[in-house]
Amino acid sequence: MPIFSNPNTSEPRMKKTCSFIVIAALALAVALPTAAQDEGDLSGYLADFKADFTQVSKKLADLAEATPADKYGWQPAEGVRTISEVYIHVALANYFLASSFGVPMPEGVGQDAEKTITAKDEVIAALKESQKHVHMAVEKAAQMDLDEEVNVFGAMRTRRTVLMIIGGHSHEHLGQSIAYARSNNIAPPWSGGGEGSQ
């Protein structure tokens, strides 16, 4: 016996209801992915990368802000990067690597930036701007094949690998900056100042 042959129910009305439900479901299925794209939502590897990069970027910026301006020229030994040079080094890498996704480096920023951008406010501004460049690169990456190879540092690497380099580089220099800060009795803001905290 057909499901909709109940003599107490109007069969045409039931068919119309079913048709409406099917059409509504199809419309919703089409609309949801479009809405997600409009909001710039990411998924999978790119979403994971963005979340991790956002976290490490905030820690770097927070630590840079917590460091007194008169410490920006401090270095642990002769020939080693100063505090300001470390942050500008991270910024330069962010700018350069983001450019492989079609996000151009800012005008006037060159390899000499580590020596020419030394004031605290300028260093922090450059660091934060470079982090924005990486976020723009991630948005562009969402429209690209992450397995496509690009020439970076003289070697062909996948776009996914380039993002891994960006994230790893920021984490590496966050660790260095924490060591620099602790050497100057500066507690990372997120640690609560406790011993043994990162």
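Note that the structure is a prediction, hence the values are computed from the model and not measured. (Residues numbered from 1 in each chain as written. Predicted model: local features only at pLDDT ≥ 70, side-chain atom pairs only at ≥ 80, totals over all residues. Heavy atoms only, no water.)

1. A few points about the pairing of strand β2 (residues 155-158)
To keep things clear, this is the line we draw: Here a strand pair is declared whenever DSSP counts at least two bridges between the two strands. Segments assigned H or I by DSSP are reported as helices when at least four residues long, segments assigned E as strands when at least two residues long, and all are numbered from the N terminus.
Alignment of strand β1 (residues 149-152) against β2, held across four bridges, turns out to be antiparallel. Residue pairing for β2: asparagine 151 is matched across the bridge by methionine 156. Between β1 and β2, which follow one another and run antiparallel, lie two residues, and phenylalanine 153 among them has a positive phi close to 55 degrees.

2. Digging into the nonpolar core
Within soluble globular proteins, side chains that are nonpolar generally end up buried alongside one another. Quick reminder of the rule: Buried residues of nine kinds, namely Ala, Val, Leu, Ile, Met, Phe, Trp, Tyr and Cys, make up a nonpolar core once their side-chain atoms join them within 4.5 Å. Categorising residues by exposure relies on relative accessible area from a 1.4 Å probe, with only protein chains included: less than 20% of the type maximum marks a residue as buried, more than 50% marks it as exposed, and the intermediate range marks it as partly exposed. Note on definitions: a residue-residue contact is assigned when non-hydrogen atoms from the two residues lie within 4.5 Å.
Of all hydrophobic cores here, the largest spans 38 residues; its most connected members are Phe49, Tyr72, Tyr87, Val162, Leu163 and Ile166. Every residue in contact with leucine 163, bar those within four places of it in the chain, is listed here: Tyr45, Leu46, Phe49, Phe101, Val138 and Leu146.

3. Notes on the confidence of the model for the chain
Rules: Per-residue confidence from the predictor is reported as pLDDT, which spans 0 to 100.
Of all residues in the chain, 76% attain a pLDDT of 70 or more, and the chain-wide mean is 84. Confidence scores differ between elements of the chain, with helix α1 (residues 11-38) showing the lowest mean pLDDT of 46 and helix α6 (residues 159-183) the highest of 98. Here residues 21-39 scores under 50 on pLDDT; set against residues more than four positions off or in separate chains, the count is one contact.

4. Thoughts on the packing of aromatic side chains
To be explicit about the condition: The rule is short: rings of Phe, Tyr and Trp, with Trp giving its six-membered ring, pair when the centres are within 6.5 Å, and they are stacked under 30 degrees, edge-to-face over 60, tilted in between. As a reminder, the over-ring test applies to NZ of lysine and CZ of arginine, requiring each to be within 6 Å of the ring centre and within 35 degrees of the ring normal.
Overall, the coordinates contain five aromatic pairs when judged by the stated rule. Ring centres of tyrosine 45 and phenylalanine 49 lie 6.5 Å apart, and the angle between their planes is 35 degrees; on these two criteria the pair is classed as tilted. Note that tyrosine 45 and phenylalanine 49 are positioned in helix α2 (residues 44-66) at a spacing of four residues, about one turn of the helix. Taking relative accessible area as the criterion, phenylalanine 49 reaches 7% and is therefore assigned buried. Judged by centre distance (5.4 Å) and plane angle (35 degrees), the rings of phenylalanine 96 and phenylalanine 153 are tilted. In this pair, phenylalanine 96 sits in helix α3 (residues 83-99) while phenylalanine 153 sits in the loop between β1 and β2, placing the two residues 57 residues apart along the sequence. Among the aromatic side chains, those forming a connected cluster through ring pairs are Tyr45, Phe49 and Phe53. Here the basic side chain of arginine 159 rests over the ring of phenylalanine 101, its NZ or CZ set 5.5 Å away from the ring centre. A cation over a ring is seen here: arginine 160 above tyrosine 45, with NZ or CZ 6.0 Å from the ring centre.

5. Some words on unusual backbone geometry
One non-glycine residue, phenylalanine 153, adopts positive backbone phi at about 55 degrees. In this structure phenylalanine 153 comes out as exposed when scored by relative accessible area, which is 54%. Despite not being glycine, asparagine 185 has its phi angle at roughly 60 degrees, a positive value.

6. Some details on the packing of α2 against α6
When two helices pack together, their arrangement is captured by the angle between the axes and the distance separating the axes. The test is simple: Axis definition: a line fit to C-alpha positions, over the contact stretch in the case of helices; interaxial angles, taken between N-to-C directions, run 0 to 180 degrees. Working definition: roughly parallel below 35 degrees, roughly antiparallel above 145 degrees, roughly perpendicular at 65 to 115 degrees, and oblique for all remaining angles. Handedness of a crossing follows from how the near helix is turned relative to the far one, being left-handed for an anticlockwise turn of less than a right angle and right-handed for a clockwise one. Amino acids outside the nonpolar list (Ala, Val, Leu, Ile, Met, Phe, Trp, Tyr, Cys, Pro) and the charged list (Asp, Glu, Lys, Arg) are all regarded as polar, and Gly is one of them.
Between α2 and α6, the shortest axis-to-axis distance is 10 Å and the interhelical angle comes to 25 degrees. With respect to α6, the axis of α2 lies roughly parallel. Between α2 and α6 lies a crossing whose hand is left-handed. Contacts between α2 and α6 involve Tyr45, Leu46, Phe49, Asp52, Phe53, Val56, Lys59, Leu60 and Leu63 from the former and Arg160, Leu163, Met164, Ile166, Gly167, Ser170, His171, His173, Leu174, Ser177, Ile178 and Ala181 from the latter. Residues belonging to the contact of α2 with α6 are distributed by class as follows: 13 nonpolar, five polar and three charged.

7. Description of the side chain of glutamate 114
Short version of the rule: N or O atoms within 3.5 Å of each other form a polar contact, as long as, within protein, one can give a hydrogen and the other can take it, and as long as residues adjacent in sequence are counted only when both atoms are side-chain atoms.
With respect to the helices, strands and loops of the structure, glutamate 114 is situated in helix α4 (residues 113-116). At 3.0 Å, the side chain of glutamate 114 forms a polar contact with the side chain of arginine 81. Those residues in contact with glutamate 114 that lie beyond four places of it in its chain are Arg81, Glu85, Ile88, His89 and Leu92.

8. Digging into α2
We apply this condition: Expected span of a helix: the number of residues minus one, times 1.5 Å.
Along its 23 residues, α2 runs 34 Å from first to last C-alpha, staying within 8% of the 33 Å computed at 1.5 Å per residue. For α2, the elements touching its buried residues are α3, α5 (120-141) and α6.

9. Here's the deal with the side chain of glutamine 131
Looking at where glutamine 131 falls in the secondary structure, it is placed in helix α5. Non-local contacts of glutamine 131, meaning those with residues more than four positions away in its chain, are made with Phe53, Ser57, Leu60, Ala61 and Asn94.

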